[in-house]
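# Observations on chain architecture
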Amino acid sequence: MKKQNHINMKPADKVDMSRNIVFINWDMLDCALKDQLTAGDVPIGKLIMDMDYRRKIIHKGKICSADEFRMFDISVQVGDYVKAYEIFKSDICLFFILEFFNMNHILENIME
């Protein structure tokens with residue numbers, strides 16, 4: 001599997017709302033999708049929206065220890081939220097995604 005990092009940005013002020021670590025089952029993707037993923041301009045959800053797929057949520061909750069995620073080279077804080085899920089086409093897992101939500105930035109933007 002190939003690993004890519006993605007950042008979901010708020011367009012107005014470019015504040016990170018979430019950061020994604022994506023593991024890709026590269027050999028199972030067609031060339032067009034590989035090219036789009038390599039370019040990195042379009043979120044995965046938009047790239048696969050016309051595809052027949054399903055998501056399976058593996059875990060969601062608060063981060064209790066930032067040390068758990070040190071191996072992924074991503075800055076997270078205790079109290080932030082993480083969601084882990086898989087994206088399948090038929091019975092084949094195409095993506096495994098860890099999405100980290102920056103709660104401080106989310107709460108700041110809700111209060112505005």
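Further up the page is the structure itself.
Residues numbered from 1 in each chain as written. Predicted model: local features only at pLDDT ≥ 70, side-chain atom pairs only at ≥ 80, totals over all residues. Heavy atoms only, no water.

### Examining the overall build of the protein
On a plain count of helices and strands, the protein comes out with three helices and five strands. Expressed as a percentage of the 112 residues in the protein, the buried residues total 37%. Pairs at least 24 apart in sequence give 50% of the contacts found in the protein among residues at least 6 apart. (Helix = DSSP H or I, 4+ residues; strand = E, 2+ residues; numbered from the N terminus. Buried < 20%, exposed > 50% of the residue type's maximum accessible area, 1.4 Å probe, protein only. Contact = heavy atoms within 4.5 Å.)

### Concerning the side chain of K34
Along the chain, the position of K34 falls in helix 1 (residues 31-39). Here K34 is buried and forms no salt bridge, its nearest opposite-charge partner D27 lying at an N-O distance of 5.2 Å. For K34, the residues in contact, after removing those within four places along its chain, are W26 and L29. (Lys, Arg positive; Asp, Glu negative; His and termini not counted. Salt bridge = Lys/Arg side-chain N within 4 Å of Asp/Glu carboxyl O.)

### Things to note about helix 1
Listing the buried residues of helix 1 in full gives L33, K34 and L37. Seen end-on, helix 1 carries its buried residues on one side only, within an arc spanning 100°. In helix 1, the exposed positions that point more than 90 degrees away from the buried face belong to C31, A32, D35 and T38. With a side-chain oxygen positioned 3.2 Å from the backbone nitrogen of A32, the residue opening helix 1 is D30. Phi turns positive, to about 75°, at G40, one or two residues after helix 1. (Arc of directions from axis to C-beta. Polar contact = N/O pair within 3.5 Å; in protein donor to acceptor, adjacent residues only side chain to side chain.)

### Overview of the side chain of D80
Tracing the sequence through the fold places D80 in the loop between strand 3 (54-62) and strand 4 (81-89). One buried charged side chain, D80, makes no salt bridge at all; its nearest oppositely charged neighbour is R19, positioned 9.1 Å away.

### Some details on the packing of aromatic side chains
Scanning all chains against the criterion turns up one aromatic pair. With a centroid separation of 6.1 Å and an interplanar angle of 45°, the aromatic rings of F23 and F96 are classed as tilted. Note that F23 is positioned in strand 2 (residues 16-24) and F96 in strand 5 (residues 92-101), a separation of 73 residues in sequence. Its relative accessible area of 23% is what places F96 among the partly exposed residues. Over the face of the ring belonging to F88 we find R54, whose NZ or CZ atom lies 4.4 Å from the ring centre. (Phe/Tyr/Trp six-rings, centres within 6.5 Å; stacked < 30°, edge-to-face > 60°. Lys NZ or Arg CZ within 6 Å of the ring centre and 35° of its normal.)

### Topic: the nonpolar core
The biggest cluster of nonpolar side chains holds 14 residues, and the ones touching the most others in it are L29, L37, I44 and F95. When residues of this core are traced back to their parent elements, those giving at least two are strand 2, helix 1, helix 2 (44-47), strand 4 and strand 5. For this core, the element with the most residues is strand 5, which contributes three residues. The residues touching L29, leaving out its near neighbours within four places in the chain, are I24, K34, L37, L94 and F95. (Core = buried A, V, L, I, M, F, W, Y, C linked by side-chain atoms within 4.5 Å.)

Geometry only, nothing functional implied.
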